[in-house]
Amino acid sequence: LEIQDAFKAYERFSDDFDPEGLHTELSGKVTCLDVLLHQIMLKTSDKVVLVSNYKETLDYLGNLCRERGYEYIRLDGRTKAGE
């Protein structure tokens, strides 16, 4: 999926997809990620791994996934080894 195609797809989202909730439009990278995740979730059964060195970024990505209804698992320094 080309980046340009992803942004074109942004205009074709269904009415129930609300990009305003987390203000993803304030960051080009987050907007692109939001569009790509939406397309992946619509068209495939692929899994996606998102990595960050910052807890706050993981918090934001978790909120994004939760708001969009994407199933996710968070692994960070607080995750017990048994999990």
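What this report covers is the structure whose coordinates are included nearby. Note that the structure is a prediction, hence the values are computed from the model and not measured.

Parameters and conventions
Residues numbered from 1 in each chain as written. Predicted model: local features only at pLDDT ≥ 70, side-chain atom pairs only at ≥ 80, totals over all residues. Heavy atoms only, no water. Helix = DSSP H or I, 4+ residues; strand = E, 2+ residues; numbered from the N terminus. Expected span 1.5 Å × (residues − 1). Buried < 20%, exposed > 50% of the residue type's maximum accessible area, 1.4 Å probe, protein only. Arc of directions from axis to C-beta. Salt bridge = Lys/Arg side-chain N within 4 Å of Asp/Glu carboxyl O.

1. Structural notes on the environment of Asn-53
And step 1. Secondary-structure assignment places Asn-53 in the loop between α2 (28-43) and α3 (55-68).
And step 2. Along the sequence, Asn-53 and Asp-76 sit 23 residues apart, while their C-alpha atoms lie 9.5 Å from each other.

2. Quick look at α3
And step 1. Between the first and last C-alpha of α3 there are 20 Å, a value that for 14 residues agrees with the 20 Å anticipated at 1.5 Å per step.
And step 2. All buried positions along α3 are accounted for by Leu-58, Leu-61, Gly-62, Leu-64, Cys-65 and Arg-68. Down the axis, α3 shows its buried residues gathered within 160° of arc, on one side only.

3. A few points about the pattern of salt bridges
And step 1. Inspection of the entire model under this criterion finds 6 salt bridges.
And step 2. Close ionic contact of Asp-59 with Arg-74 constitutes a salt bridge, the shortest N to O distance being 2.7 Å. Taken together, the residues Asp-59 in helix α3 and Arg-74 in the segment after α3 connect sequence positions 15 residues apart.
And step 3. Between Asp-76 and Arg-74 there is a salt bridge, with its nearest N and O atoms 2.7 Å apart.
And step 4. Judged by its relative accessible area of 26%, Arg-74 falls in the partly exposed class.
And step 5. Because the salt bridges share partners, they merge into one network encompassing Lys-55, Asp-59, Arg-74, Asp-76 and Arg-78.

Just distances and angles here, no functional claims.
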